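Architecture and fold: a report
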Amino acid sequence: MKTATLYNSTNLKAPPASFRDALLKGLAPDGGLYMPDRLPVFSRRKLSEFSSLSYPEMAAEIISAITGDETGTDELRKICSSIYTFGIPLEHVQDKHYIMRLDQGPTASFKDFAALLMGRLMQFFLKKENRNITILTATSGDTGSAVANAFHGLDSINVIILYPANEVSELQRKQMTTLGGNVSVIEIDGKFDDCQRLVKTAFMDPSLTKFNLSSANSINIGRLLPQSVYYFYAWSRLAENTENTCIFSVPSGNFGNLAGGILAARMGLPVERFVIATNENNEVPLFMQSEEYHPITPSINCISSAMNVGHPSNLARIIAMYGGRMDEKGIIHTMPDMNAMRRDFYATFFSDNETRKTIRDFYSKYGMVLEPHGAVAWAGLQEAIANNPAYQEKLCIAVETAHPAKFRDEIKSILNIEPELPEALRKAESEREEFLSLDNDYDALRRFIIQKY
Ligand SMILES: *Cc1c(COP(=O)(O)O)cnc(C)c1O
C-alpha cells in the first residue's frame, strides 16, 4: 500500500499539505517553502530500466512516484507526452565530459521543463474542482516567458505578468507579449524589485481574494519536481552501468535547478558531486567557505543575467535537506551539516570576463557555442576537475540552461558570429505585440485586475 507523500514547510510552522495544496498555494502559510516529507528511492535495477524509457515516460514514472495517487501515473504519462516534445541534446566535448542542453523548449530556457508541467498539473486539479485561478508573477525575463508560454491556452487559469520596463531584452519581451488570450502582460515603469513588491502587495490585498491569485515562481514545489527528471535522463543515456557515478555542474541563481538535482540524488541517482557555479552573485560559494551567509543586495548585474540573484529563494530548501533551517530573510536558525554539503558540492564563481573567456576558449577548442550561463557551468566543471584530478576520467555533465541565440549581442561581441534563432523564438520576433504600460503604482494594478476579471 502506498502512503501519501505530504509537504512540510521549511519554516516548520505550517501544517503538512497535500501535493495539490502545495502546488496551488505556492508559499506555505508560515512563509516557508514546501518540501516532500519522503522521497521514493529507485533501486539500481529500476535505474537501469530508465535507459529504455523516453523522456516523457521517465518523467511520469519519477514524478508519480512522488505525487502518488494524487496525480496517477497514467494521467501524468498523458500530460508528459504532450508537453515534452522537444529533444535534450547531450553533446560530447571530450573524454567522458558532456554538455546537457536544456534549451530546446518553447522559450529556449531550462525553465520550460518545470513551467510546462506545473501549468498542466494546476489545470488538472482546477478542472476537477471546477475552479479558476489567476497567476500573478513578476519577471526579469526568463521566468515570465516560460510561464506565459507554458500557461498560454490552458483552461481555468489566467496569467498576469509584470516586467520592469527597461530590464528585459526585446526578445524576452516579445516571447511574452505576442501570446494574447489568457496571458496579460504589463510593463511597469520601475525595476524588477518594484514588480515583485506590487505582486506581493496584491497577494496580501483582501479585496482581491475572489480572484484566487497564485504565483508561479521558483518557490513552487511544482517547479521543483520536474527539474529532477533531466538528471536521471542524462545519466541513463550516458552511464556505462549502474555503478557509474557522475558529476553535474549546475549554473545557479535561485538554486531551483540544483535543488532538483539534489532530489534526484536522494532518489537514488548515483551522483558523485554537484558543482555549484555562480556568477559574481557568489553568496552561496562564499557561504560554503566561511559558513557565514550574507545576501548580496542589490544583486550584481552580470551577463549570465538569469543568475543575478543575491539571495536565492531555494537556498532554504537546500539547507533543510542538510538538516538546517534558514528563514525567508536568510537568517540561519540551525546550521546545516556543512561537512556533508562540502562533500556533495564543489562551489565556485566566475566574473564576466572569465565567462567571456570561457565562451571564447570553448569555441576555439571545440567549435561549439556556449551561452553565458552554460559557460559558467563549464568553467566550474573545469575548475573542479583541476582540483580533483580523479574527475578527469569520470562522467561529467555541465548543464547548459539557455540557447545562445537568446544572447545574440553578447555572443556577437565575443565570437563575432550570430547564433541562429530557434524556430520558437523566430516566431515571437515577427508577431504582433500586446501589452499594457502602468506606473509603479499599486492602485493602478489593482484597478486593472478588478476591471479585467
Ligand atoms: C533561471 C535560470 C538559471 C538559474 O537557475 P536557478 O534554478 O534559479 O538556479 C540559469 N540559467 C538560465 C538560463 C535561467 O533562466
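Report follows, based on the coordinates. (Residues numbered from 1 in each chain as written. Predicted model: local features only at pLDDT ≥ 70, side-chain atom pairs only at ≥ 80, totals over all residues. Heavy atoms only, no water.)

1. Digging into the nonpolar core
Counting residues in each nonpolar core, the largest one holds 106 residues, and the members touching the most others are Phe 151, Phe 232, Phe 248, Ile 318 and Phe 345. Those residues in contact with Phe 345 that sit more than four places away from it in its chain are Leu 258, Ile 262, Arg 273, Phe 274, Ile 276, Met 288, Ile 318 and Tyr 322. Listed in part, the 23 residues of the second largest apolar core include Ile 385, Phe 407, Ile 411 and Ile 414. (Core = buried A, V, L, I, M, F, W, Y, C linked by side-chain atoms within 4.5 Å. Buried < 20%, exposed > 50% of the residue type's maximum accessible area, 1.4 Å probe, protein only. Contact = heavy atoms within 4.5 Å.)

2. Considerations on helix α4 (residues 73-83)
Structural remark: α-helix, 3.6 residues per turn; residues separated by three or four positions point the same way. Residues of α4 that are buried: Leu 76, Ile 79, Cys 80 and Ile 83. The arc enclosing the buried residues of α4, seen along the axis, measures out at 95°, which places them on a common side. Turned more than 90 degrees off the buried face of α4, the exposed positions are Asp 74 and Lys 78. Here the buried face of α4 lies against α3 (55-67) and α5 (111-129). (Helix = DSSP H or I, 4+ residues; strand = E, 2+ residues; numbered from the N terminus. Arc of directions from axis to C-beta.)

3. As for the side chain of His 403
In this structure, His 403 sits in the loop between β14 (395-400) and α17 (408-415). Among the residues examined, His 403 registers a relative accessible area of 11% and is labelled buried.

4. A few points about the packing of α3 against α4
The geometry of α3 relative to α4 is characterised by a closest axis approach of 8 Å and an angle of 140° between their N-to-C directions. Taken together, the axes of α3 and α4 are oblique relative to one another. The two elements α3 and α4 meet at a crossing, and its hand is right-handed. Between α3, through Pro 56, Ala 59, Ala 60, Glu 61, Ile 63, Ser 64 and Thr 67, and α4, the contact on the second element is made entirely by Thr 73, Leu 76, Arg 77, Cys 80 and Ser 81. Considered class by class, the residues forming the contact of α3 with α4 number 6 nonpolar, 4 polar and 2 charged. (Axes fitted to C-alpha atoms, helices over the stretch in contact; angles between N-to-C directions. Parallel < 35°, antiparallel > 145°, perpendicular 65-115°, else oblique. Left-handed = near helix turned anticlockwise from the far one by under 90°. Nonpolar A, V, L, I, M, F, W, Y, C, P; charged D, E, K, R; others polar.)

5. Considering the packing of α5 against helix α6 (residues 142-151)
Interhelical geometry of α5 versus α6 gives an angle of 40° and a closest axis separation of 8 Å. One finds that α5 runs oblique with respect to α6. Pair α5 / α6 crosses with right-handed handedness. Contacts between α5 and α6 involve Lys 111, Asp 112, Ala 115, Leu 116, Met 118, Gly 119 and Met 122 from the former and Asp 142, Thr 143, Ala 146, Val 147, Ala 150 and Phe 151 from the latter. Its residues assigned to classes, the contact of α5 with α6 shows 8 nonpolar, 2 polar and 3 charged.

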